[in-house]
Amino acid sequence: MNPVFALVDCNNFYTSCERRFRPDLAGAPIVVLSNNDGCIISRSAEAKAMGIKMGVPFYQIEPYLTQQGVAVFSSNYALYADMSARVMSILEQESPRVEIYSIDEAFLDLSGMESVATLADFGRHIRTTVQQWTGITVCVGIAPSKTLSKLANHAAKRYPATGGVVDLTSPERQRRLLQLVPVDEVWGVGRRLSKRLYKDGIKTALDLACCHPKTIRQQYSVVLERTVRELNGESCLSLEDVTPTKQQIICSRSFGERITCFQSMREAVCEYTVRAAEKLREEGQTAKRINLFMRTNRHNPAEPQYMPSLGAELPVPTDDTRDLVAAAIRLLRSSWKDGYRYMKAGVMLTDFYEPGVYQPGLFDDAHTRPNAKALMSVLDKINHSGKGQVFLAGQGVQKEWRMKRLHVSPAYTTNWRSLPVVK
DNA sequence: TCTGGGGTCCTAGGACCC
DNA sequence: TCTGGGGTCCTAGGACCC
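Residues numbered from 1 in each chain as written. Chains lettered and ligands numbered in written order. Predicted model: local features only at pLDDT ≥ 70, side-chain atom pairs only at ≥ 80, totals over all residues. Heavy atoms only, no water.

- As recorded by an unreviewed UniProt entry, chain A carries the name DNA polymerase V and is attributed to Marinobacterium stanieri.
- The UniProt entry for chain A carries the following comment under Sequence similarities (unreviewed entry): "Belongs to the DNA polymerase type-Y family." (UniProt positions renumbered as here; feature names shortened; annotations may be inferred.)

Encoded structure:
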């Protein structure tokens, strides 16, 4: 059976979520900002039409946005994650195999569906259902490989005449589209690669598809070779409907205000480690390695720069917040230097073991704290209950370094106190 | 003054071993 | 004068994704 993939992708996802709870903003330009209100990461159709670019630092265009009456939101991930879960659960109802690829897109396996309905009809059905039940508009791209389905989705978004659904299973239609698409819009071709490809005379997706896979492998990489094959309708990337276990967990953040004193940095590192440990327990894993990094503002060359990054091995893999925090603070002590204005720090956990699998060495101090598991699970339960937070003293209380979120919307769907009110 | 965060995979090069 | 070669493992860094 020939594989058929559909890529379902939400349009302007973050701004659509915000608009969903602000009917007064229908038809208005909206943007959503990254953490710390740093730069633009989502734009409504109206904002795109005004020429507002992705990734632009907010401070550079804030006056313009105000003057033009653009609605501005800080990112509200609790809201987006909840809306995402609603969309995904619809897809899971409608299709037997779903790979949730990111917060706003999913691949579906439609192999063998041709006999039930035309693929495009099925795409339209998905689109209407999601629209009706969540108010989120999606586009659907259908093709024999993931890379082509991405491209089909792209076309569905770009050309309104498609009605948001493009079936790219026919080779003739594939060719016609590939010819129109610049090579840098192909999935897996980023800034660096497209520059190189361009120099080599490969300018459109079709140019790339016409290259010999073996040559591409020699001159570029195995990854790009796979892309070439996928563009020719040969499926090399399969649907991953069981989520693979994570290899690493990162918690990092830029500070709302620069940090210059050890005490504040200690609080931040402590908080990031606590959060990373929570994620680790959610994954049901234990970690044997922890890394810490800090950095000054690399965008300002006039400032003295310092960006230490170092790691440590734990005696045995652990998911105990207290052990991880202790290790992180040790790393902080050995890399901290006074006299810098730190902009960002982060904690990374790696080298995971399933609990109970690790074989300690003969002379390892395998001592674990009594009742650690019970304590951690109570901690997680309280902090997830929405009733309050329990935290380590080291996380601090004032937190001037906390990130900036001046335009955040309420947690409409995940906190009872923030339910939207209809008057 | 002011530029996100969280992931994955691949490759090159060094250390080490026999 | 002349000092191997192949394999594995680990790490850092690059490139990409959303």
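**Remarks on the environment of Glu114**
And step 1. With respect to the helices and strands, the residue Glu114 is situated in the loop between strand E6 (105–109) and helix H5 (119–134).
And step 2. Spatially, the C-alpha atoms of Glu114 and Asn11 are 26 Å apart, while their sequence positions differ by 103 residues.
And step 3. Apart from the residues lying within four places of it in its own chain, the contact partners of Glu114 are Val4 and Leu119. (Helix = DSSP H or I, 4+ residues; strand = E, 2+ residues; numbered from the N terminus. Contact = heavy atoms within 4.5 Å.)

**What about the packing of helix H6 (residues 146–158) against helix H11 (residues 222–231)?**
And step 1. Interaxial distance between H6 and H11 falls to 7 Å at its minimum, and their mutual angle equals 65°. Relative to H11, the element H6 lies roughly perpendicular. For the pair H6 and H11, contact is made by Lys146, Thr147, Leu148 and Leu151 and by Thr227, Glu230 and Leu231, respectively.
And step 2. Residue classes in the contact of H6 with H11 are distributed as three nonpolar, two polar and two charged. (Axes fitted to C-alpha atoms, helices over the stretch in contact; angles between N-to-C directions. Parallel < 35°, antiparallel > 145°, perpendicular 65-115°, else oblique. Nonpolar A, V, L, I, M, F, W, Y, C, P; charged D, E, K, R; others polar.)

**Topic: the packing of aromatic side chains**
And step 1. A complete count under the given rule lists 16 aromatic pairs for this structure.
And step 2. Relative to Tyr80, the ring of Tyr14 has its centre 4.3 Å away and its plane inclined at 10°; by these criteria the two rings are stacked. Taken together, the positions of Tyr14 in helix H1 (residues 13–20) and Tyr80 in helix H4 (residues 77–94) put the pair 66 residues apart, joining distant regions of the chain.
And step 3. Of the residues examined, Tyr80 reaches a relative accessible area of 0% and is grouped as buried.
And step 4. Put simply, the rings of Phe262, Tyr306, Trp336, Tyr340 and Tyr342 pair up and form one aromatic cluster. (Phe/Tyr/Trp six-rings, centres within 6.5 Å; stacked < 30°, edge-to-face > 60°. Buried < 20%, exposed > 50% of the residue type's maximum accessible area, 1.4 Å probe, protein only.)

**Let's talk about the state of the cysteines**
And step 1. Under the defined criterion, the tally for this structure stands at zero disulfides.
And step 2. Cysteine Cys10 is unpaired, with the sulfur of Cys17 as its nearest cysteine sulfur at 7.5 Å.
And step 3. Not engaged in a disulfide, the cysteine Cys261 finds its nearest cysteine sulfur in Cys270; these two sulfurs lie 14 Å apart.
And step 4. Given a relative accessible area of 36%, Cys261 falls into the partly exposed group. (Disulfide = S-S within 2.5 Å.)

**Topic: the layout of surface pockets**
By rolling a water-sized probe across the atoms, one finds the places where empty space is left.
And step 1. Empty space within the largest pocket amounts to approximately 1,600 Å³.
And step 2. In terms of lining residues, the largest pocket is bounded by 39 residues, among which Arg275, Glu278, Gln389, Arg402 and Arg405 are the most central.
And step 3. Residue assignment for the lining of the largest pocket shows that the elements contributing at least two residues are H4, strand E9 (248–259), helix H12 (262–283) and helix H14 (372–384).
And step 4. With six residues, H12 is the largest single contributor of residues to the lining of the largest pocket.
And step 5. Residue classes in the lining of the largest pocket are distributed as 15 nonpolar, 14 polar and ten charged.
And step 6. When we break the lining of the largest pocket down by domain, the ones giving at least three residues each are domain 1 (1–167) and domain 3 (248–395). (1 Å grid on protein atoms, 1.4 Å probe; cavity = no way out; pocket = protein on both sides within 12 Å on 5 of 7 lines; lining within 4 Å. Points joined across faces, edges and corners; volume = space filled by probe spheres on them. Domains from an automatic or database assignment.)

**Some words on the protein's contact with DNA strand C**
And step 1. Around DNA strand C there are 13 residues in total, and Ser102, Lys150, Gly188, Arg192 and Leu193 lie nearest to it.
And step 2. Of everything in DNA strand C that lies within 4 Å of the protein, sugar and phosphate atoms constitute 100%.
And step 3. Measuring from a sugar or linking oxygen of DNA strand C, one finds a side-chain N or O atom of Glu105 at 3.1 Å.
And step 4. Interatomic distance of 3.2 Å between a backbone N/O atom of Gly190 and a phosphate oxygen of DNA strand C.
And step 5. Among the secondary structure elements, those contributing two or more residues to the surface near DNA strand C are strand E5 (98–102) and helix H8 (191–199). (Near = heavy atom within 4 Å. Polar contact = N/O pair within 3.5 Å; in protein donor to acceptor, adjacent residues only side chain to side chain.)

**Quick look at the protein's contact with DNA strand B**
And step 1. Among the 21 residues in the neighbourhood of DNA strand B, the closest are listed as Ile250, Ser252, Arg253, Ser254 and Arg258.
And step 2. Sugar plus phosphate: this is where 74% of the atoms of DNA strand B within 4 Å of the protein reside.
And step 3. Interatomic distance of 2.7 Å between a side-chain N/O atom of Arg258 and a phosphate oxygen of DNA strand B.
And step 4. Take Lys344: an N or O atom from its side chain is 3.1 Å from a phosphate oxygen of DNA strand B.

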